[in-house]
Amino acid sequence: MSSESAVTGARRASGWALLVSELSVLFRRRRTNALLLALAAIPILIAVALRLSSSGPRAGRGPPFLDQVAQNGLFVGVTALVVAIPLFLPLTVGVVAGDTIAGEASHGTLRYLLVAPAGRARLLAVKYIGAAAFCVVAVLVVVVTGTLVGAALFPVGPVTLLSGDTIPVGEAFARFLAIAGYVTVSLLGLSAIGLFFSTLTDVPVGAMAATITFSVATQILGALPQLEGLHPWLFSHYWLAFADLLRQPISWESFGDNALLQVGYIALFGALALGRFLTRDVLS
Amino acid sequence: MTTAEFAIETAGLTKRFGAQTAVDGIDLAVPRGSVFGFLGPNGSGKTTSIRMMLGLVAPSNGTVSVLGREVPRHLPDVLPRVGALVEGPAFYPFLSGAANLHRLDTADRHASSSTRRARVSAALDRVGLSHAAGKKVHAYSLGMKQRLGIANTLLAPRELLVLDEPTNGLDPQGTREVRGLIRSLADSGSTVFVSSHLLTEIDQICTHAAVMSAGRLVAQGTLDELRGAGDAYVRVLTPDPYAARQTLRALGLGLEHPASERRTDDPARVADTELVLAPLGSIDLEPETIVAALIAGGVRVRGFSVERASLEDRFVALTGEGFDVVQ
Ligand SMILES: Nc1ncnc2c1ncn2[C@@H]1O[C@H](COP(=O)(O)OP(=O)(O)O)[C@@H](O)[C@H]1O
Ligand SMILES: [Mg+2]
């Protein structure tokens, strides 16, 4: 009995080794770090530009929250997120998610992982978790860098919420982390789409470009009033709808709607990716 | 653990790519414990067959069993017992050699994490790569990558090793080392299935072989069976072929060896001489006795030897062409 549980224990422990290895390979890659650096540059650019410009931005111009930054540096992080959501974040997510399977295929390592044997479903799951981990880290890099730079260049103080209430700095940072969580969840559907595209080809750049194009095209559809009926089904529909998290009392309703929509996309494209990957001939 | 007689067995195994049939109904039987040479020119379907054995590619028709279990159904049970090098080595160029092996080892969920480091360094040591363990693979030469690919198959003790063209890109010294390695693996009880388009690189180590030609299996068996056991033949260069044939026939030798006699590229052959070949069969004659008989028969002997058909001759005859020809 005890030896049997030791065996399953060892097995479970080493079952995680592939995930640990995937994360360490992903985050040690120079390309991943370059993407994260580019994301970190967004709040830095915003903060420095605002600091250098003599006249502050007029209210109502530029990205939301921008006019708040000069009074309160804490807003740099969330301003940078808003700037990054339509293009920069989907771009980096497209690069990482599009690379998941196609990158292994192009290196030829896919066949060796499968022969090891990694198990096709297990490998796909590990790859998706890796892409999701990248989403978490990417969003955190923007928010945390923004908060630090904002605190360094601007006064920091209690935050006035959209509802007019004022909350202390600590709670404000917690709210911003909740927004980071919201944005991370927003990117999970796109990650599943990227994973699926990645199972279709041995050329990673193709899967990356397809994912990024898909994201841009979806946002264009979302901007066309003629297609209003379609909008609630687009994975980008709730991307910027996190204002609820800046009200008192906090409302989690849009968070829930967004999460549900993303789960739908993960299920759909996860199933498509699995169906494709389980049956495909590995010829790379 | 199953103890099937064959390490690999295929029945009617077929793979079509569109209109092209890359592997055409092959029935392969690789005995346990053998060193099995899988020979054939480039493009004859070796790698595609190997991909089907390892579950990378689904057969269009037919079945494969590996270590007694049918694949792809039993792949999770079979693959941990198999080490494979398929279509050349492939690694993450931005990781070191050791990190690459480490990464691929984590993919096997049965591989123990606690012994991983030791197993990786033992495998690197076995292929002579310890000095380059920490070097990024993009700085490796082709031969070093090939060694690393072989090291990857040695991360755990395996019942079966499938090595697709393991000597590709190796210098003669490296080729000798790989041969030695294959021998030692075979001595430790593993079955080694090794493919090559270069017969001479593996014919000294194989106990069995199969020959592929344009997707078909044209021969298989022990090496002696393939050579045609006892199929030595007499080879005479002479301007008097008719007299030579008569003399040989009088000695009880059989007819000419047709496949070999067709060859016209013999360097020893000059304008008016012809090559006469006669299988020795079971006749027990000393070479000098035959030469004496030929001279007594008035045959001007310009060249004489008693040879065994080389495997190369057999394969040229079977595949209808030289070994390096790309189809
Ligand atoms: N992905 C593919 N698509 C189409 N044809 C292929 C593919 N892979 C291999 N082939 C064809 O299958 C045949 C056998 O190839 P292969 O198994 O690689 O031969 P070998 O390993 O003996 O050199 C070749 O004619 C090759 O052109
Ligand atoms: Mg090949």
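The rules we used
- Residues numbered from 1 in each chain as written.
- Chains lettered and ligands numbered in written order.
- Predicted model: local features only at pLDDT ≥ 70, side-chain atom pairs only at ≥ 80, totals over all residues.
- Heavy atoms only, no water.
- Helix = DSSP H or I, 4+ residues; strand = E, 2+ residues; numbered from the N terminus.
- Buried < 20%, exposed > 50% of the residue type's maximum accessible area, 1.4 Å probe, protein only.
- Contact = heavy atoms within 4.5 Å.
- Areas by Shrake-Rupley, 256 points an atom, 1.4 Å probe, with all protein chains shown as cover.
- Near = heavy atom within 4 Å.
- Polar contact = N/O pair within 3.5 Å; in protein donor to acceptor, adjacent residues only side chain to side chain.
- Nonpolar A, V, L, I, M, F, W, Y, C, P; charged D, E, K, R; others polar.
- pLDDT = per-residue confidence, 0-100.
- Core = buried A, V, L, I, M, F, W, Y, C linked by side-chain atoms within 4.5 Å.
- Axes fitted to C-alpha atoms, helices over the stretch in contact; angles between N-to-C directions.
- Left-handed = near helix turned anticlockwise from the far one by under 90°.
- Phe/Tyr/Trp six-rings, centres within 6.5 Å; stacked < 30°, edge-to-face > 60°.
- Lys, Arg positive; Asp, Glu negative; His and termini not counted.
- Salt bridge = Lys/Arg side-chain N within 4 Å of Asp/Glu carboxyl O.
- Pairing = 2+ DSSP bridges.

Turning next to the overall build of chain B. Of regular secondary structure, chain B possesses twelve helices and 14 strands. Split into buried and exposed, the 327 residues of chain B put 51% on the buried side. Long-range pairs, those at least 24 residues apart, make up 71% of the contacts in chain B with a sequence separation of at least 6. Carbon and sulfur atoms form 52% of the exposed surface of chain B, whose accessible area is close to 14100 Å².

A few words on the site of ligand 1. All residues in the neighbourhood of ligand 1 are listed as Leu283 of chain A together with Phe17, Gln20, Ala22, Pro41, Asn42, Gly43, Ser44, Gly45, Lys46, Thr47 and Thr48 of chain B. Site remark: ligand 1 is flanked by residues from chains A and B. Lys46 of chain B is positioned such that a nitrogen or oxygen atom in its backbone is 2.8 Å from an oxygen atom of ligand 1. With respect to ligand 1, the side chain of Thr48 of chain B contributes an N or O atom lying 2.6 Å from an oxygen atom. Calculation on ligand 1 without its partners gives an accessible area of 560 Å², and the protein chains cover 66% of this total. Put simply, the parts of the chain that give the shell around ligand 1 at least two residues each are strand S2 (20-26) and helix H1 (46-53) of chain B. In terms of residues, the shell around ligand 1 owes the most to one element, H1 of chain B, which gives three residues. Here the shell around ligand 1 is built from residues that sort into four nonpolar, seven polar and one charged.

A few words now on the confidence of the model for chain B. Residue and element names in this part refer to chain B. Averaged over all residues, the pLDDT of chain B is 86; the fraction at 70 or higher stands at 89%. Taken together, the stretch residues 257-265 has pLDDT below 50 and engages in 15 contacts with residues farther than four places along the chain or on a different chain. In this model residues 323-327 is a low-confidence stretch, pLDDT under 50, and it forms 19 contacts with partners more than four residues away in sequence or in other chains. Reported confidence for the predicted complex is 0.88 by ipTM and 0.86 by pTM.

On to the nonpolar core, then. Core analysis: the biggest nonpolar cluster contains 161 residues, and Leu89, Ile179 and Phe242 of chain A together with Leu54, Val66, Leu160 and Phe193 of chain B have the highest contact counts within it. Ranked by the residues each element gives to this core, the list is headed by helix H9 (residues 169-200) of chain A, at 15 residues. Beyond its immediate chain neighbours, meaning those up to four positions away, Leu54 of chain B contacts Val115 of chain A together with Leu75, Leu79, Val82, Ala84 and Val86 of chain B. Core analysis: the second largest hydrophobic core is formed by twelve residues, Ala244, Leu248, Ala278 and Ile290 of chain B among them.

This part takes up the packing of H9 of chain A against helix H10 (residues 204-223) of chain A. All names here are of chain A. Contact geometry of H9 with H10 gives a least axis separation of 9 Å together with a crossing angle of 145°. Here the hand of the crossing between H9 and H10 comes out right-handed. Seen from H9, the contacting residues are Leu190, Ile193, Gly194, Phe197 and Ser198; seen from H10, they are Ala207, Ala210, Thr211, Phe214 and Ser215.

Further remarks concern the packing of aromatic side chains. Residues and elements named next belong to chain A. Across all of its chains, the model carries 15 aromatic pairs over all chains by this definition. Between the aromatic rings of Phe75 and Phe176, the centroid separation amounts to 5.7 Å while the plane-to-plane angle is 65°, which identifies the pairing as edge-to-face. Placement of Phe75 in helix H5 (residues 75-84) and of Phe176 in helix H9 is noted, with a sequence separation of 101 residues between them. Given the relative accessible area of 4%, Phe75 is considered buried. For the ring pair Phe214 and Phe269, a centre distance of 6.3 Å and an interplane angle of 75° mean the geometry is edge-to-face.

All names here are of chain B. Inspection of the secondary structure puts Asp164 in strand S8 (residues 160-164). It turns out Asp164 is buried and unbridged, and the closest side chain with the opposite charge, Lys46, is 6.2 Å from it. Among the polar contacts listed, one links the side chain of Asp164 to the side chain of Thr47, at a separation of 2.8 Å. At 2.5 Å, the side chain of Asp164 forms a polar contact with the side chain of Ser195. Residue contacts for Asp164: discarding those within four places in its chain leaves Thr47, Ile50, Leu85, Val86, Glu87, Gly88 and Ser195.

All names here are of chain B. What the six strands build is an open sheet, ordered S7-S8-S9-S4-S10-S11; its pairing is mixed. A single partner strand is all that each edge strand has here, and the edge strands are strand S7 (82-85) and strand S11 (216-222). The sheet shows a mean angle of 10° between the axes of neighbouring strands, taken without regard to direction. Where strand S4 (residues 35-39) and strand S9 (residues 191-196) come together, five bridges link them in parallel fashion. Residue Phe36 lies in a different strand from S9, and its bridge partner there is Phe193. Against the sheet, helix H5 (residues 142-153) contacts S7 and S8, and its axis sits at roughly 165° relative to S7.

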